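Each chain, letter by letter, is given below.
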There are 2 protein chains.
Amino acid sequence: MDIVSTVSAMQASSRAAHKTGQRVGFVPTMGFLHEGHLSLMNIARQHSDLLVVSIFVNPTQFGPHEDLSQYPRDLARDKALCESCGVDVLFCPSESEMYPLDSSVYVDESRLSCGMCGAARSGHFRGVLTVVAKLFNMVMPDVAVFGQKDAQQAALIQRMVRDLNFPVEIRVAPIVREPDGLAMSSRNTYLSADERVQALWLNRALQLAESRVGEGGLQSAAIASEMRDLLGREAPGVIVEYIAIVDAVSLQPVDGVGSGVLVALAAQVGKTRLIDNLLLA
Amino acid sequence: MDIVSTVSAMQASSRAAHKTGQRVGFVPTMGFLHEGHLSLMNIARQHSDLLVVSIFVNPTQFGPHEDLSQYPRDLARDKALCESCGVDVLFCPSESEMYPLDSSVYVDESRLSCGMCGAARSGHFRGVLTVVAKLFNMVMPDVAVFGQKDAQQAALIQRMVRDLNFPVEIRVAPIVREPDGLAMSSRNTYLSADERVQALWLNRALQLAESRVGEGGLQSAAIASEMRDLLGREAPGVIVEYIAIVDAVSLQPVDGVGSGVLVALAAQVGKTRLIDNLLLA
């Protein structure tokens, strides 16, 4: 596994692969890897010849009062996991390599980014889209894989690729869960034992939504209301930030529920903000 | 010369060139080509194996009261000029091919774009950066050539390439002038005979600035003031929008004048808005 830290070395590596007809697969991450990330790498490897993973904790997607400085990091462990997963190039740029001090160009979005996580995290998706656009130009992937856990991010990346015509195929991989149903996240490490138990109700609320959809007859508002009731009753330590029932592509609210509809939520569990979602089949 | 109108055909053409080790050169235009454009094509051809020119009158860089509908067009003449200039691929996308109806992702800049033309043309540079980012992803050029006539645009494109890490080399070509000194522009066709005579004073004001810099001793404010006086005296039909004396890279105002300083102006001549500039050596 090559470990690369400069943009020019990364671009040279991808250019060399393309020249020999190889397809480049890419998984961008913020490190502290878990099985969710590894599932993305496995999918990328199936669709490419050169597998590139980036690790960069992107400061521009954190708000001023968010957890940038506390965000968990373990590069030695991440390197070993990447190696075991067959990663060919691990790209770990420094912050100064990533952002010149007088950076002033950004990518932003005006519709899908406004609600859900965007409503509470001003500037978050501008930071995400900008860093992903940069990474795409650095890695020049043929295919890139993102996780469905970050459903709004996945929809926005697909919109960016469409609207800015990036020559990259996007694949979105299913959420990987702990055996008890908690969606895997680097931020789960923040949870106390009690919070960990309370957090399980997020997925249970989504399962409730799924069963109500299966029974038929309910509109989205009634389903969201039942989810809120369940969480209020069973998990008083969970403070719901939003429950959104939206079209999975446009992220606009829908009344009727069915295939192609996304049920997504964010909640504060203690000091930890967690998200989870369910894509209706 | 191939004439291509879809994004997928354009990307396929560039990919095929890259696979055989060819370098792709690119000149984006809004058509109604003049010798300025042809000089860009000649430079691009010197640095590439496959020369791509795009013609697209980009609606998102025109304000609501600007000249989008009147902008001059002559595709038959443009095609002949491209052919005679050795263009390999002429890319002419339709507006619907370029912009899905629900486009919502854009590229913008927060510093260099605020003054000069950006102050009078709100949203103009967002439109320019977004369409150029899209064209870069469609054409995948190794080298792209822009004209110094649009000095602020050229600085912004270079900033975008740096900040978003586009793997594209940017070359900026000198202004091409009519024999009497008027900077070539597709918009010159709007000028009446009298306006054409008045417009010559724009370049003369820049020449005055150059000679004052050569003499030494004057600060930028005094030079701009002399330029305004000259225009007010000799060309009363020229309404100056701005005279900017700035660092050519950062576009921030400077007091001292010398190498690397840009003297730029915009003015209304009748109903026509013209720009011109001088890069001090």
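These figures come from a predicted structure and were not determined experimentally.

Draft legend 1. Structural context of the pairing of strand 7 (residues 169–173) of chain A. All names here are of chain A. In the sheet, strand 6 (residues 143–147) pairs with strand 7 via 5 bridges, with the strands oriented parallel. Across the sheet, Gly-147 pairs through a bridge with Ala-173, a residue of strand 7. A crossover connection joins strand 6 to the parallel strand 7 through helix 7 (residues 151–164); in handedness this β-α-β unit is right-handed.

Draft legend 2. Quick peek at the relation of the copies chain B and chain A. The two copies are related by a screw operation: chain B maps onto chain A through 180° of rotation and 0.0 Å of translation along the axis, at an RMSD of 0.0 Å. As the rotation angle and translation indicate, the two copies are arranged about a two-fold axis. Looking at the rotation axis and the C-alpha trace of chain B, the residue lying nearest is Val-107 of chain B, at 2.2 Å. Most of the interface of chain B is mirrored in chain A, where 100% of its interface residues are also at the interface.

Draft legend 3. View of unusual backbone geometry. Residue and element names in this part refer to chain B. Positive phi values are uncommon outside glycine, yet Asn-165 reaches one of about 60°. Assignment of secondary structure puts Asn-165 in the loop between helix 7 (151–164) and strand 7 (169–173). Looking at Asn-165, the number of C-beta atoms within 10 Å reads 20, which means it is buried.

Draft legend 4. The interface of chain B and chain A, seen in detail. Between chain B and chain A, the contact holds 29 residues from the first and 29 residues from the second. Elements supplying a minimum of two residues to the side of chain B that touches chain A: helix 1 (7–19), strand 5 (105–109), helix 6 (124–139) and helix 7 of chain B. In the side of chain B that touches chain A, the residues fall into 13 nonpolar, 8 polar and 8 charged. With 5 bridges connecting them, strand 5 (residues 105–109) of chain A and strand 5 of chain B associate as antiparallel partners. For Asp-108 of chain A, the partnering residue across the bridge sits in strand 5 of chain B and is Tyr-106 of chain B.

Draft legend 5. Region of the structure containing the environment of Tyr-106 of chain A. Summarising the element assignment, Tyr-106 of chain A is placed in strand 5. Each C-alpha atom of the pair Tyr-106 of chain A and Ala-133 of chain A lies 9.0 Å from the other, and the pair is 27 residues apart in sequence. Setting aside chain neighbours within four positions, we find Tyr-106 of chain A in contact with Arg-126 and Thr-130 of chain A together with Asp-108 of chain B.

Draft legend 6. Spotlight on the domain arrangement of chain A. Residues and elements named next belong to chain A. Splitting chain A by domain gives domain 1 (2–173) and domain 2 (186–279). Taking the mean C-alpha position of each, domain 1 and domain 2 sit 26 Å from one another. The interface of domain 1 with domain 2 comprises 13 residues on the first partner and 15 residues on the second. Elements that contribute at least two residues to the side of domain 1 that touches domain 2 include exactly helix 5 (117–120) and helix 7.

Draft legend 7. Local environment of the sheet that holds strand 8 (residues 238–247) of chain B. All names here are of chain B. Taken together, the 3 strands give an open sheet; going across it, the order is 8-9-10, and neighbouring strands pair in antiparallel fashion. The sheet is open, and its two borders are formed by strand 8 and strand 10 (272–279), each paired with just one other strand. Sheet twist, expressed as the average angle between the axes of neighbouring strands with direction ignored, equals 15°. In this structure, strand 9 (residues 261–269) lies alongside strand 10, joined through 8 bridges in antiparallel fashion. Along strand 10, the bridge assignment pairs Ala-267 with Leu-274. Sheet strands touched by helix 8 (residues 193–215): strand 8, strand 9 and strand 10. Its angle to strand 10, the strand with the most contacts, is close to 25°.

Draft legend 8. Here's a closer look at the nonpolar core. Val-139 of chain A together with Val-139 of chain B are the most contacted members of the largest nonpolar core, which totals 162 residues. Apart from residues lying up to four places away in sequence, Val-139 of chain A is in contact with Met-10, Ser-14, Val-24, Phe-26, Val-52, Ser-54 and Phe-91 of chain A.

Draft legend 9. Molecular detail of the pairing of strand 6 (residues 143–147) of chain B. All names here are of chain B. Burial analysis of strand 6 places 4 of its 5 residues in the buried class, the great majority of the element. In terms of strand pairing, strand 2 (residues 24–29) meets strand 6 through 2 bridges, oriented parallel. Across the sheet, Gly-25 pairs through a bridge with Val-143, a residue of strand 6.

Draft legend 10. Broad picture of the sheet that holds strand 8 (residues 238–247) of chain A. Residue and element names in this part refer to chain A. Strand order in the open sheet made by the 3 strands is 8-9-10, with antiparallel pairing throughout. On the outer flanks of this sheet lie strand 8 and strand 10 (272–279), each paired with one strand and no other. The average angle at which neighbouring strand axes cross in this sheet is 15°, direction not considered. In this sheet, strand 9 (residues 261–269) lies alongside strand 8 in antiparallel orientation, the contact comprising 9 bridges. Paired with Tyr-242 across the two strands is Ala-266, which belongs to strand 9. Where helix 8 (residues 193–215) meets the sheet, its contacts fall on strand 8, strand 9 and strand 10, and the angle it forms with strand 10 comes to roughly 25°.

Rules used throughout
Residues numbered from 1 in each chain as written. Chains lettered and ligands numbered in written order. Predicted model: local features only at pLDDT ≥ 70, side-chain atom pairs only at ≥ 80, totals over all residues. Pairing = 2+ DSSP bridges. Helix = DSSP H or I, 4+ residues; strand = E, 2+ residues; numbered from the N terminus. Right-handed = clockwise from strand over helix to strand, strands pointing away. Least-squares fit on C-alpha atoms with pLDDT ≥ 70 in both. Contact = placed C-beta atoms within 7 Å. Buried ≥ 20, exposed ≤ 12 C-beta atoms within 10 Å, placed from the backbone. Nonpolar A, V, L, I, M, F, W, Y, C, P; charged D, E, K, R; others polar. Domains from an automatic or database assignment. Axes fitted to C-alpha atoms, helices over the stretch in contact; angles between N-to-C directions. Core = buried A, V, L, I, M, F, W, Y, C linked by C-beta atoms within 7 Å.

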